[in-house]
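A closer look at the structure
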Amino acid sequence: MVKVDGSTPGDSLIRVRNLDKRYQRGSEEIHVLQGLNLDVDQGEFVAFMGPSGSGKTTLLNLLGGLDLPSAGSITVAGDEITSMSGRKLTTWRARHVGFIFQLYNLIPVLTAFQNVEMPLVLTDLSKAERREHVETALSMVGLADRMHHYPRQLSGGQEQRVAIARAIVSDPTFLLCDEPTGDLDRASADEILDLLDQLMRDYSKTVLIVTHDPRAAQHAKVVLHLEKGILIEGQQRERQV
Amino acid sequence: MKFFPLLIANLFRKKVRTTLTLGSFSVALFLFCLLATIDASFNQGVEVAGVDRLVVLNRTSLIQPLPYSYQERLLQINGVKAVTFAIWFGGIYQNERNFFPQFAIDYTTYPQMYPEFAIPPEQWEAFIRDREGCVVGRGTFVKYGWKLGDRIPLRGTIFPGAWEFNIRAVYEGTRNEDDTTQFWFRYDYLDERRDLGKGTVGWYMVKVDHPDHAAQVAAAVDRLFSNSPFETKTETEKSFASDFIKQVGNIKLIMISIGGVVFFTLLLVTGSTISMSVRERTGEIAVLKTIGFSDIMVLCLVLGESLLLALVGGGTGLVLAKLFTLGGDPTGGFLPIFYLAPRKMAMGLVLALIIGLLCGILPALFAMRLKIVEALRRV
């Protein structure tokens, strides 16, 4: 279930209350998010849509602990991340969040395998265990046969699939996707969206996606609109799988 | 070790740039070692000088002789344990470029004065038995491919004429820094054949019974021969060697100046290269932080790259310098001890690592303080 009115009393996976984000640009204060409330349960696929500058990416950054709000709180799986220190937040992020970016952001000098392995080198896993996890993740995205390729040797869609493998390899609590199909052709975009669908469906992953693309939004269970920093509940439907 | 592939991959993303930076480190360290070797070579006499040995010279100048008769009188001074003497021969072997120091020595006392030079007893005996015999340092012996029994012709300059010597012994240094280029022959042979300055010697070496008595004995020697036709100037062997170097110039200052300029340039060049490399990777650093790399880890990664560059580049320079010095004196005799000591190599490596640290610290701090959101916006 996804709610934006702050009325949900239960323990949802993601719980946002009265979230405010302001930026100072010169003498002008920009109020990006205003008193935003949000509850998202595990296994949801939520799409955030809205015009440029509406605060979609800012919201995603705040949910992922990449940025701090001006006011309000965010609680994920019982942890209030808005009160965490920088160091604790880094550890939390590594454990709970998988990020997928529009431009993939793979490290070009590392192979697909090494890119996917990166989040795991921070853990106590042995080399053999890391290898097993990476191979599983790459198999899940259908790139087991490309693991020793460098990003420059892969297509855009394949690069994004490697990025997804990197995001899921540490089995995070939820995935944050910022325009994951924005740089892909239609066919590749559909592949990526199907993959995200599959992760939600088969592994109960919670997926939050920011997109301008209505076709991408169609894959979500819930589409929320951000306008001038305010979240408006859009369509909420049982998806056809 | 888990981060090593990332370090290596980052370093070699721009192979030409990394190779040039490594080259800069190698050249700087090679130069440092070379300068250190030259400096050490100049100061070798000071470094290895015996603390219990005094040099007695003619007060007027080093090239003025002293009477042979002083030996007995020196032995009578309180605190003097042994006395020997030598004279500079200055002969030419084949041509002027084949320089090695030649001395006529008092074979009856010389080995006791210089226990650091090891000579097989049977070879020394053979030398004593042959009036035209000579003892050659291992360095010169090897350099010219001589064998025991070879007859070595020298053209006299101070003592004109053709001189010939039979190699009867080869001495070795007991320390790496010992000079093994010298050529000794018997003083009595020289004195018998020469027309000029018969009955004189070049300088005396005096061994005192205790290093603490050195100043006292030196004063006593000079007092003994004051107001004589051959007044003396006595100083410790270390002080003599040091004064001798000062006549050439302030070698250390020259070395430090050259080294300073080279390392400062290296600092600027490498610092700017690493800064450039980190700025190019702003987005990647943000991604690393996003997936859980802490600020400190990012700082360590950048510093690690910088230190690895310094270690590999500097290490290569050190190895090349060591190989170069193993080839021996490149000046043909001007720097008889051309030896790169392990201590100097360690010093060079530490210096390289300090430069690596200094080069990396600013880019590393930049990477550490990088705000993820701002960096991702720039991608």
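Check the entry above for the structure.
Structure report, in brief. (Residues numbered from 1 in each chain as written. Chains lettered and ligands numbered in written order. Predicted model: local features only at pLDDT ≥ 70, side-chain atom pairs only at ≥ 80, totals over all residues. Heavy atoms only, no water.)

A count of helices and strands for chain A gives 7 helices and 11 strands. By the compact-globule yardstick of 18 Å for 241 residues, chain A fits well, its C-alpha radius of gyration being 18 Å. Residue burial in chain A is summarised as follows: out of 241 residues, 56% are buried. Sequence separation of at least 24 residues holds for 69% of the intrachain contacts in chain A that already meet a minimum separation of 6. Summed over its atoms, the accessible surface of chain A is roughly 10500 Å², and 45% of this surface lies on carbon and sulfur atoms. Across chain A, the centroid of the 26 positively charged side chains sits 3 Å from that of the 32 negatively charged ones. (Helix = DSSP H or I, 4+ residues; strand = E, 2+ residues; numbered from the N terminus. Rg over C-alpha atoms; globule rule 2.2 N^0.38 Å. Buried < 20%, exposed > 50% of the residue type's maximum accessible area, 1.4 Å probe, protein only. Contact = heavy atoms within 4.5 Å. Areas by Shrake-Rupley, 256 points an atom, 1.4 Å probe, with all protein chains shown as cover. Lys, Arg positive; Asp, Glu negative; His and termini not counted. Charge placed at Lys NZ, Arg CZ, Asp CG, Glu CD.)

Now for a nonpolar patch on the surface. Residue and element names in this part refer to chain B. On the surface, Met1, Phe4, Ile8 and Phe12 cluster together to form a nonpolar patch covering roughly 420 Å² of accessible area. Inspection of the secondary structure assignment puts methionine 1 in the segment before helix 1 (4-11). A relative accessible area of 83% places methionine 1 in the exposed class. (Patch = residues over 30% accessible without salt bridge, like charges linked within 9 Å, V, L, I, M, F, W, Y side chains within 5 Å. Salt bridge = Lys/Arg side-chain N within 4 Å of Asp/Glu carboxyl O.)

The next subject is the packing of aromatic side chains. Under the criterion given, the structure shown has 38 aromatic pairs over all chains. Both rings, one in phenylalanine 89 of chain B and one in phenylalanine 185 of chain B, keep their centres 5.1 Å apart while their planes meet at 85 degrees; by these two values the pair is edge-to-face. With a gap of 96 residues between them, phenylalanine 89 of chain B in the loop between strand 3 (80-88) and strand 4 (102-105) and phenylalanine 185 of chain B in strand 9 (residues 183-186) connect regions that are remote in the sequence. Relative to phenylalanine 117 of chain B, the ring of tyrosine 114 of chain B lies with its centre 6.0 Å away and its plane at 40 degrees, an arrangement referred to as tilted. Here the two residues tyrosine 114 of chain B and phenylalanine 117 of chain B agree in accessibility, since each one is buried. By the ring-pair criterion, three or more aromatic residues cluster together here, those being Phe89, Tyr93, Phe100, Tyr144, Trp146, Phe159, Trp163, Phe165, Phe183, Phe185 and Tyr189 of chain B. When the ring centre of tyrosine 150 of chain A is taken as origin, the NZ or CZ atom of arginine 152 of chain A, which lies over that ring, is 4.9 Å away. (Phe/Tyr/Trp six-rings, centres within 6.5 Å; stacked < 30°, edge-to-face > 60°. Lys NZ or Arg CZ within 6 Å of the ring centre and 35° of its normal.)

Once that is clear, we can look at the layout of surface pockets. Its boundaries defined by the atoms lining it, the second largest pocket holds a volume of some 910 Å³. Lining the second largest pocket are 33 residues, with Thr57, Thr58, Asn61 and Asp178 of chain A together with Arg377 of chain B positioned closest to its centre. Elements with a minimum of two residues in the lining of the second largest pocket: strand 2 (14-25), strand 3 (28-40), helix 1 (56-63), strand 7 (97-100) and strand 8 (174-178) of chain A together with helix 14 (372-378) of chain B. It is helix 1 of chain A that provides the largest number of residues to the lining of the second largest pocket, a total of 5 residues. The residue makeup of the lining of the second largest pocket, split by class, is 14 nonpolar, 13 polar and 6 charged. (1 Å grid on protein atoms, 1.4 Å probe; cavity = no way out; pocket = protein on both sides within 12 Å on 5 of 7 lines; lining within 4 Å. Points joined across faces, edges and corners; volume = space filled by probe spheres on them. Nonpolar A, V, L, I, M, F, W, Y, C, P; charged D, E, K, R; others polar.)

Glancing now at the sheet that holds strand 6 (residues 79-80) of chain A. Neighbouring strands of a sheet are bound in pairs by backbone hydrogen bonds; such pairs are parallel or else antiparallel. Residue and element names in this part refer to chain A. A sheet is described by the order of its strands in space; here 5 strands give the open sequence 1-3-2-5-6, paired in antiparallel fashion. Taken across any chain shown, the strands that pair with only one partner, and hence form the sheet edges, are strand 1 (2-3) and strand 6. Contacts from helix 1 reach strand 2, strand 3 and strand 5 (71-76), with the element oriented near 120 degrees to strand 2. (Pairing = 2+ DSSP bridges. Axes fitted to C-alpha atoms, helices over the stretch in contact; angles between N-to-C directions.)

Turning our eyes to something else, we now look at empty space enclosed by the protein. Counting across every chain of the model gives 3 cavities of 30 Å³ or more. A volume near 130 Å³ is recorded for the largest cavity. Looking at the lining of the largest cavity, the elements with two or more residues in it are helix 1, helix 2 (15-48), helix 10 (251-280) and helix 12 (295-326) of chain B. Of the residues assigned to the lining of the largest cavity, the class counts are 3 nonpolar, 6 polar and 4 charged. Roughly 100 Å³ of volume is contained in the second largest cavity. As for the second largest cavity, its lining consists of Ile107 of chain A together with Leu6, Asn10, Arg281, Glu284, Ile285, Leu288, Val298, Leu301, Val302 and Glu305 of chain B. Looking at the lining of the second largest cavity, the elements with two or more residues in it are helix 1, helix 11 (282-290) and helix 12 of chain B. Considering each element in turn, the lining of the second largest cavity owes the most residues, 4 residues, to helix 12 of chain B. Class assignment of the residues belonging to the lining of the second largest cavity gives a composition of 7 nonpolar, 1 polar and 3 charged.

This part covers the nonpolar core. Side chains of a nonpolar character, in soluble globular proteins, are inclined to be buried together. Core analysis: the biggest nonpolar cluster contains 81 residues, and Ile14, Leu36, Leu38, Phe48, Leu208 and Leu224 of chain A have the highest contact counts within it. It is helix 12 of chain B that contributes the most residues to this core, 10 residues altogether. Beyond its immediate sequence surroundings of up to four residues, isoleucine 14 of chain A is in contact with Leu38, Asp39, Val40, Leu63, Thr75, Val76, Phe174 and Leu208 of chain A. (Core = buried A, V, L, I, M, F, W, Y, C linked by side-chain atoms within 4.5 Å.)

Residues and elements named next belong to chain A. Here strand 2 runs beside strand 5; their pairing, made up of 5 bridges, is antiparallel. Looking at strand 5, one finds that arginine 17 is bridged to serine 73. Sheet analysis places strand 5 next to strand 6, joined by 2 bridges and oriented antiparallel. Paired with threonine 75 across the two strands is glutamate 80, which belongs to strand 6. The hairpin turn running from strand 5 into strand 6, its antiparallel successor, is 2 residues long, and alanine 77 in that turn takes a positive phi close to 50 degrees.

With that settled, consider the pattern of salt bridges. A side chain of one charge can pair with a side chain of the opposite charge if their charged atoms are brought near each other. Residue and element names in this part refer to chain A. According to the stated counting rule, one finds 30 salt bridges over all chains in the structure shown. The salt bridge partner of arginine 201 is aspartate 202, with a shortest N-O separation of 3.6 Å. For arginine 201, a relative accessible area of 43% translates into the label partly exposed. For aspartate 202, a relative accessible area of 44% corresponds to the partly exposed category.

What follows covers the interface of chain A and chain B. Counting from both sides, the interface comprises 23 residues of chain A and, opposite them, 22 residues of chain B. Between chain A and chain B the total buried area reaches about 2000 Å² when both faces are included, carbon and sulfur atoms providing 72% of it. Taken together, chain A and chain B are joined by 0 salt bridges. Viewed at the interface, chain B and chain A are joined by 2 residue pairs in polar contact (both at pLDDT 80 or more). Sorting elements by how many residues they give to the side of chain A that touches chain B places helix 2 (residues 86-96) of chain A first, with 3 residues. (Buried area = accessible area lost by both parts, 1.4 Å probe. Polar contact = N/O pair within 3.5 Å; in protein donor to acceptor, adjacent residues only side chain to side chain.)

Let's shift gears to helix 10 of chain B. Here helix 10 of chain B is 30 residues long and its end C-alpha atoms lie 43 Å apart, about the 44 Å a rise of 1.5 Å per residue gives. Of the positions making up helix 10 of chain B, those classed as buried are Ile251, Met255, Gly259, Phe263, Leu266, Thr270, Gly271, Thr273, Ile274, Ser277 and Val278 of chain B. (Expected span 1.5 Å × (residues − 1).)

All names here are of chain A. As for its placement among the helices and strands, threonine 57 is situated in helix 1. Using a relative accessible area of 33% as the deciding quantity, one classes threonine 57 as partly exposed. Here the side chain of threonine 57 touches aspartate 178 through a polar contact of 3.4 Å, side chain to side chain.

In this section: the packing of helix 12 of chain B against helix 13 (residues 342-369) of chain B. Any two packed helices are characterised by how steeply their axes cross, that is the angle between the axes, and by the distance between the axes. Residue and element names in this part refer to chain B. Between helix 12 and helix 13, whose axes approach to 7 Å, the crossing angle comes to 155 degrees. The pairing of helix 12 with helix 13 is recorded here as roughly antiparallel in orientation. Crossing of helix 12 over helix 13 shows right-handed handedness. The residue makeup of the contact of helix 12 with helix 13, split by class, is 21 nonpolar, 5 polar and 2 charged. (Parallel < 35°, antiparallel > 145°, perpendicular 65-115°, else oblique. Left-handed = near helix turned anticlockwise from the far one by under 90°.)

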